[in-house]
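Examination of the molecular architecture
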Amino acid sequence: RVCNFRTGGCISMTESIEREPEASTMPVYHLIDGDLHHKGFGSFLKQEGLADREYDYSVLAVFGGQSTGKSTLLNRLFNTDFAEMQADDGRQQTTQGVWLSRASGSNRLLLLDFEGADSAERGEDHTFEKKLGLFALAMADVLLINLFQYEIGRRNAMSVPLLENILQINFKIQLQLAESQTNTRGSKKLLMFVVRDYDGRTPKSKLSDQLLEVITQIWSRITKPDQNKDDELQRWFDFRVQFLPHISLPAFQDAVVVLRDEFLKESTEDYAFKSSGEWRSSGVVIGELDSYSQSCWEAIKSDRDINIPEEKELVARHRAAEASKKIKADAAQRADGIKQQLKNGEVIKGLRKAFKASMEAGLIAFREETQQFSRYQDILDAEMVQLREEYAEKIESTMEVFYASACKSVDRDAKDALATATKKIDSSQDYNPDVFWLFLRKSIDRIAQDKLAPGLANLVKEGVLDAEEKDICCAKLKEGLETMLRYSMDEKAATVGDLMADRFLFRLLHDAQGIEESVKADELASVRGPDAFVDACKVLEALSVWRLKPDTPARHIEFPTYGGRNESEQVLPQACAAVDDDVLIPSDKLRENYTVFVGKIDQKLLEAKLSLKDRLVLPSWVYIIIFVLGIDEMMWAVSNPVVIIAIVAGIYLFAKNLVRQIYYDTLRNGNPMVKGLLVPLNPFIDQYFTEPTGEQKSATAKKND
């Protein structure tokens, strides 16, 4: 229900999202509507049982762009009934002015829901929203700034101009409060940025640092008295960033529960209102909060400097923006034309130099068009910075297309070479972690030296690239090789259990140098198994961390012995000092992959035994030939047809004479019983092992005739 104490009536509102079941939602009160501060704030506090709490209360205000889900977030967090945008009605202004409510589950937390900034209904006049922002800081202990992840880094979406103005004036007000109160520090606010629709791809730390950098830059530009000139931002403001996934995801509700605890549970480490009592104790009791809020609003309305710059400054801003817009449009059109030429296969020589010359010409044109506004040099300098950044972005995006076009063949050859190298990384690879990653680093360096450097040098000779572009292109192509290798290592890490099993099988049948050994089947498990097991475990250790950079620390893992291999709980990884982006296999997946490997050991032992049975056993005379000729000469002889025929003929003649000699010697001098047994073989021996006489040859010839 929504209560308006100006009219004395309440109306019910339909909720647009499902909430946790509660007995009833908390009523809301329209505090500020336009320039009007409604009376009845005190009555609302009495109705909600807050009027006697003295200093024991806190105020949370939510601020941000229109239709970013501010009211929805408060309703989810505290079971309030703030008006929410209905998707069927389109994206339009829902909350007008400032609305007030109390958090469900707390009798000390007040909530302020502010009208969305940058709304179409307000048009180009941002004065009112800036007044609301200043009022938020004047009233609240915690200012919750609601924004989407994709808005980080965008000046207007993050309300940077708004924050700069309200922080400046709020700082002045707090100094005045500090002078009139015993608290010389004034009220220390917590600025909590709630990043909505966080997708997890960009590390939270990077987004937090980016937001803190924006606030710090704003603080550095604020005018301060001499005694406060060196004050750090943290003396007057605390800073925190929270992340929420998309509201349609189940994880959103879990994140809301965690965030709610920061506002309601004083025992939590991240309780948001820890510092509020320090200034409430010498500040405003809740009974005076009604008159205090009215005084603040009147002061804000009457301060003509809040956001009404003089006319010439407005003209300067407008002229600078128009000049910058025209130059940016020209740069964008030129960049799009060049990109299309490159996509059509055209080669443009000296592109970077031409683009830089175009940028300098654009900056000169900007100075000429705005020279009459040199009094506002800070405005012109800020626009110039944005113009340079825009140009730099256009140059880099265009050069990306240029490099991809000009260096296509060089890139393809290098990636083919890397693909060939990675295919050779199989069970025969030495997976000692240091050796393994040294091999990969040398592979990248060798490809860069053998493929990238010569190919790019040819492009320089042809005039396609200059020396600077060659170095940039080489770095980008090498980065592409590293990305390709990372993808390959990610694939191997995903099936590392199978790779460990293959390595185990390989080491059962080969020595440490990869040479096949003569192994007895009954020695596989007892003799060969322990060493093969240790070597297979190195695969998991090697692939657990991405260590292409030499200074990336390794991760040591303790494994059970071969005999106790089934005790997977003894797999103890040491703390990993590598950053999250360098971890290929998370700690919670190490035991899982190890278990997969152990489950395949018996199968690999059986495969090894079958492999031993299938091995070809060479006769002893082959080893004699190898010893006499050497392995290289023997392989040459075996692969040469003429030599094979000669060897076979020689063996036949040698065997023929040998058999005939032994046969007749046995008939002449042998045992009588043996002679009797050999007599039936006379026709065969005479036909195949005895040279025919002249008469036999003539008789054979006549028979043939």
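My aim in this report is to walk through the structure given alongside it, one point at a time. Predicted, not measured: the structure shown is a model, and the values here were computed from it.

1. Some words on the overall build of the chain
- The secondary structure content of the chain amounts to 25 helices and 12 strands.
- Per-residue burial for the chain yields a buried fraction of 43% across its 705 residues.
- Contacts in the chain between residues far apart in sequence, at least 24 positions, make up 74% of those at least 6 positions apart.
- Roughly 38,000 Å² of accessible area belongs to the chain as shown, and the carbon and sulfur atoms make up 53% of that amount.

2. Comments concerning the packing of aromatic side chains
- Taken as a whole and assessed by the stated rule, the structure comprises 19 aromatic pairs.
- Here the aromatic rings of Tyr 198 and Phe 243 are separated by 4.9 Å at their centres, their planes lie at 55°, and the arrangement is tilted. Remark: Phe 243 occurs in strand S10 (residues 237-243) and Tyr 198 occurs in the loop between strand S9 (189-196) and helix H5 (204-221); sequence separation between them is 45 residues.
- Three or more aromatic residues joined by ring pairs make a cluster, and in this case those are Phe 504, Phe 533, Phe 559, Tyr 562, Tyr 594 and Phe 597.
- The ring of Tyr 562 carries Arg 565 above its face, with NZ or CZ at 4.3 Å from the centroid.

3. Remarks on the packing of helix H12 (residues 377-406) against helix H15 (residues 467-494)
- Direction vectors running N to C along H12 and H15 enclose 80°, while the axes themselves pass 11 Å from each other. Considering the angle they form, H12 stands roughly perpendicular to H15. From H12, Met 399, Glu 400, Phe 402 and Tyr 403 reach across to H15, where they touch Glu 469, Ile 472, Cys 473 and Lys 476.
- Here the contact of H12 with H15 is built from residues that sort into 5 nonpolar, no polar and 3 charged.

4. Here's the deal with the pattern of salt bridges
- All chains considered together, the criterion is met by 21 salt bridges.
- Put simply, Lys 265 and Asp 261 hold a salt bridge, and the shortest N to O gap is 3.8 Å.
- On the accessibility criterion, Lys 265 (42% relative accessible area) is partly exposed.
- Accessibility expressed as a relative area gives 22% for Asp 261, which makes it partly exposed.
- Residue Lys 478 is joined to Asp 445 by a salt bridge in which the shortest nitrogen-to-oxygen separation is 3.3 Å. Placement of Lys 478 in helix H15 and of Asp 445 in helix H14 (residues 433-461) is noted, with a sequence separation of 33 residues between them.
- Looking at Lys 478, the relative accessible area reads 27%, which means it is partly exposed.

Definitions and limits used
Residues numbered from 1 in each chain as written. Predicted model: local features only at pLDDT ≥ 70, side-chain atom pairs only at ≥ 80, totals over all residues. Heavy atoms only, no water. Helix = DSSP H or I, 4+ residues; strand = E, 2+ residues; numbered from the N terminus. Buried < 20%, exposed > 50% of the residue type's maximum accessible area, 1.4 Å probe, protein only. Contact = heavy atoms within 4.5 Å. Areas by Shrake-Rupley, 256 points an atom, 1.4 Å probe, with all protein chains shown as cover. Phe/Tyr/Trp six-rings, centres within 6.5 Å; stacked < 30°, edge-to-face > 60°. Lys NZ or Arg CZ within 6 Å of the ring centre and 35° of its normal. Axes fitted to C-alpha atoms, helices over the stretch in contact; angles between N-to-C directions. Parallel < 35°, antiparallel > 145°, perpendicular 65-115°, else oblique. Nonpolar A, V, L, I, M, F, W, Y, C, P; charged D, E, K, R; others polar. Salt bridge = Lys/Arg side-chain N within 4 Å of Asp/Glu carboxyl O.

All we've got here are geometric facts, nothing functional implied.
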